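# Residue-level structure breakdown
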Amino acid sequence: MMATFEQALERLEAIVDEMNGAEIPLERALALFEEGISHLRAASEELGRAEAAVKVLTEKADGVLEATDLGG
Amino acid sequence: MMAPERLPEPELQAAPGESPAAAISVATLTRTVKDVLEGAFPPLWVRGEVSDFKQHRNGHWYFSLRDEEASLRCVVWSRDTRRIPAPPDEGMTVVALGQVSLYAARGDLQFTVKTMDAVGDGLWRKAFELTRARLERDGLLDPARKRALPFFPRRIAVITSADGAALHDIIAVTRRRNRLVELVLIPAAVQGEGAPASLCAALDRLASWGGADLAIIGRGGGSREDLWAFNDEQLARKVASCPIPIISAVGHEVDISICDLVADWRAPTPSVAAEHAVPVLADLQRTVASLGRQLQSGAADAIRGGRRRLEQAARQGGQGARRLVERRRLQLGRLSGQLHALSPLATMARGYVVATSPAGRVVTSVAAIAPGDPLQLRLRDGAAETRVETVRRIEDPTDGQG
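Just so it is clear, the structure is predicted and the values come from calculations on it, not from any experiment. (Residues numbered from 1 in each chain as written. Chains lettered and ligands numbered in written order. Predicted model: local features only at pLDDT ≥ 70, side-chain atom pairs only at ≥ 80, totals over all residues.)

### Examining the overall build of chain A
Rules: Numbering of helices and strands runs from the N terminus, with a helix taken as a DSSP run of H or I at least four residues long and a strand as a DSSP run of E at least two residues long. Each residue is classed by its C-beta neighbour count within 10 Å, where at least 20 other C-beta atoms makes it buried, 12 or fewer makes it exposed, and intermediate counts make it partly exposed; the C-beta atoms are placed from backbone geometry.
Along its length, chain A carries two helices and two strands. Helices and strands appear in chain A in the N-to-C order α-α-β-β. Within chain A, the fraction of its 72 residues that count as buried is 29%.

Structural data, given as structure tokens:
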């Protein structure tokens, strides 16, 4: 799951290469395009996440570790 | 005759040891000599060659310091050996800081050493090489162990001091390059006697938390003693067993630590660690937008080709061809529809912001705005009313197409 962005880009590059290569059947173009769109959407959503804050890892009373906002 | 009473009796007032009757014990003498010696000499640095080095079971070190003419018995109490990077080699020339004293049980002159160093940096180098050799023997320095760093880490754990320069630098570089990357500090002492244990505990917390996909461990520059915690063998073994890829960034370019050798990547400084770990957001956005455009043009080509074949089939007529034409027409319609849906995606990938003037016109060039102009920003999930502060033109040939 962590690698989705990288995998999406790699797959997109392969799709684009295939689509811009020799003339391909329409069915294939449609399938590639649909797949490409889903990767493009996933990658765009990844880049559209909210800005991250700097956090600090703290240990709660029950021993559970938790990242909380770093003051200052 | 004079009165005899004015003659004193000297024997009765004799100083200790002045006569057989006033003989003192061995213990009294050695204790007195010890006191005199310790009072007469402040702690001193002494230079000599190490010989007869022995490490006792209880951790104390015993050896002699000697030169051509003389020899001096030395001891290092076990609690003080921790301050010395490695035991000295036989024959090594060292300088030792200690207190001249007397070992009463044997009546020997004894030099109680608090710390020492080889002339040059021999002891530090020796300790470093001993640790390196042990790690090498266990295969922990094998280049094949080094893992690739994630291309776009979402959350980076930073193990360093909460108030050091390293954290400051890593935050500054990360924010500049990519504000989507989250940094999570795992605070640890980075110098002093407790530092290796503190750094090991931080690595344990990192492992049991499991929330990061990359880690940076390190500190800013300092003296050799300041950086020494990062040469600790236990720490090195913890770094080697870190469940996620880890970058070591200790001190400056010239400082190589044991921690550097076992980490997946060695950064010359904490800033460079962040530079290397964090991809520039604008670059990622450009890559995604460019792939979107290429996908679009690939689809457009496929539609053109499909239409051409469709027209050919229609011209040829016939029953089988009619069904084929119908199917192709449907596919073309679907592809064209998808293509239409693509353009806003490519735009969104560039940052989800559309700027419009008060007249509702989309602003695409700095030529259309001036400082003080109101500007409405439309984002993915809302809008903001803003005012232009400054206008700056950027010449960027890769950002030319829309």
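Back to the write-up after that little detour.
### Regarding the overall build of chain B
In terms of helices and strands, chain B carries eleven helices and 13 strands. Across the 402 residues of chain B, 26% fall into the buried class.

### Describing the pairing of strand E1 (residues 44–55) of chain B
Residues and elements named next belong to chain B. Here is the rule: At least two bridges found by DSSP between two strands is the condition for calling them paired.
Here E1 runs beside strand E4 (residues 93–103); their pairing, made up of six bridges, is antiparallel. By the bridge assignment for E4, Glu49 is matched with Thr93. Two strands pair when backbone bridges link them, and E1 and strand E2 (residues 61–66) are joined in this way by five bridges, in the antiparallel orientation. Across the sheet, the residue bridging to Ser51 is Ser64, located in E2. Where E1 folds back onto E2 in an antiparallel hairpin, the turn is made up of five residues, including Gly59, whose phi is positive at roughly 100°.

### As for the pairing of strand E6 (residues 155–160) of chain B
Residues and elements named next belong to chain B. Note the following rule: Orienting the strands away from the viewer, one traces the path from the first strand over the helix to the second; a clockwise path indicates a right-handed crossover.
Extensive coverage of E6 is indicated by the burial of five of its six residues. Pairing of E6 with strand E7 (residues 182–187), which is carried by six bridges, proceeds in the parallel orientation. Residue Ile156 lies in a different strand from E7, and its bridge partner there is Leu183. In this fold, the crossover linking E6 to E7 by way of helix H4 (residues 165–177) has right-handed handedness. Relative to strand E8 (residues 214–219), E6 is paired through four bridges, and the arrangement is parallel.

### Topic: the sheet that holds strand E10 (residues 265–266) of chain B
The mixed open sheet is built from seven strands, whose spatial order is E2(A)-E1(A)-E7(B)-E6(B)-E8(B)-E9(B)-E10(B). Single-partner strands in this sheet number two, and they are strand E2 (65–69) of chain A together with E10 of chain B. By the bridge criterion, three bridges tie strand E1 (residues 54–59) of chain A to E7 of chain B in an arrangement that is parallel. If you follow Val54 of chain A over to E7 of chain B, its bridge partner there is Leu183 of chain B.

### With respect to the packing of H4 of chain B against helix H9 (residues 270–277) of chain B
Residues and elements named next belong to chain B. Note the cut-off: An axis is simply a line fitted to the C-alpha atoms; with a helix, the fit covers only the stretch in contact. Between two such axes, the angle follows the N-to-C directions and lies from 0 to 180 degrees. Roughly parallel means an angle under 35 degrees; roughly antiparallel, over 145; roughly perpendicular, 65 to 115; everything else is oblique. Working rule for handedness: look at the near helix, and if it is turned counterclockwise from the far one by less than a right angle, call the crossing left-handed; if clockwise, right-handed. With C-beta atoms placed from the backbone, a contact is any residue pair whose C-beta atoms sit within 7 Å. Three categories are distinguished: nonpolar for Ala, Val, Leu, Ile, Met, Phe, Trp, Tyr, Cys and Pro, charged for Asp, Glu, Lys and Arg, and polar for the others, with Gly belonging to the last.
Between H4 and H9, the shortest axis-to-axis distance is 8 Å and the interhelical angle comes to 30°. Taken as axis vectors, H4 and H9 run roughly parallel relative to one another. Judged by the sense of rotation from one axis to the other, the crossing of H4 with H9 is right-handed. Contacts from Ala166, Asp169, Ile170, Val173 and Thr174 of H4 reach H9 at Pro270, Ser271, Ala273, Ala274 and Glu275. Among the residues making up the contact of H4 with H9, the classes are represented as six nonpolar, two polar and two charged.

### A word on the interface of chain A and chain B
Accessible area lost on assembly of the parts is the figure often given for the size of an interface. Every contact between the two is made by 36 residues of chain A and, on the other side, 43 residues of chain B. Every element with two or more residues in the side of chain A that touches chain B is listed here: helix H1 (4–19), helix H2 (26–47), E1 and E2 of chain A. Among the elements that line the side of chain A that touches chain B, the one with the most residues is H2 of chain A, at 13 residues. Its residues assigned to classes, the side of chain A that touches chain B shows 23 nonpolar, four polar and nine charged.

### Structural notes on the sheet that holds strand E5 (residues 108–118) of chain B
Spatial strand order, E1-E2-E3-E5-E4 (chain B): five strands in a closed barrel with mixed pairing. Sheet twist, expressed as the average angle between the axes of neighbouring strands with direction ignored, equals 50°.

### Here's the deal with unusual backbone geometry
Leaving glycine aside, a negative phi is the common case for residues, and trans is the common case for peptide bonds. In this model, Asp52 of chain B sits at a positive phi of 55°, which is unusual for a non-glycine residue. Residue placement: Asp52 of chain B occurs in strand E1.

### Looking at the environment of Ile247 of chain B
All names here are of chain B. Positionally, Ile247 belongs in strand E9 (residues 246–250). Given 24 C-beta atoms within 10 Å, Ile247 falls into the buried group. Sequence separation of Ile247 and Ala273 is 26 residues, and the distance between their C-alpha atoms is 6.8 Å. Other than its neighbours up to four places away in sequence, Ile247 contacts Ile216, Ala263, Asp264, Trp265, Ala267, Ala273 and Ala277.

### Considerations on the nonpolar core
The nonpolar side chains of a soluble globular protein tend to be buried with one another. As a reminder of what qualifies: One nonpolar core equals one set of buried Ala, Val, Leu, Ile, Met, Phe, Trp, Tyr and Cys residues connected by C-beta atoms within 7 Å.
Formed by 49 residues in total, the largest nonpolar core has its most connected members in Val158, Ile159 and Ala215 of chain B. The leading source of residues in this core is helix H5 (residues 195–209) of chain B, at five residues. When near neighbours in sequence (up to four residues on either side) are disregarded, Val158 of chain B contacts Leu167, Ile170, Leu183, Val184, Leu185, Ile186 and Ile216 of chain B. Counting residues in hydrophobic clusters, the runner-up holds 26 residues, among them Leu26, Leu30 and Ile37 of chain A together with Ile303 of chain B.

### Describing the packing of H1 of chain A against helix H10 (residues 281–316) of chain B
Packed helices, taken two at a time, are described by their axes: the angle between them and the distance between them. Where H1 of chain A contacts H10 of chain B, the two axes come as close as 9 Å, and the packing angle between them is 30°. For the element pair H1 of chain A / H10 of chain B, the angle class is roughly parallel. The handedness of the crossing between H1 of chain A and H10 of chain B is left-handed. Contacts from Leu9, Leu12, Glu13, Ile15, Val16 and Met19 of chain A in H1 of chain A reach Thr287, Leu291, Gln294, Leu295, Gly298, Ala299 and Ala302 of chain B in H10 of chain B. Across the contact of H1 of chain A with H10 of chain B, the residue classes break down as nine nonpolar, three polar and one charged.

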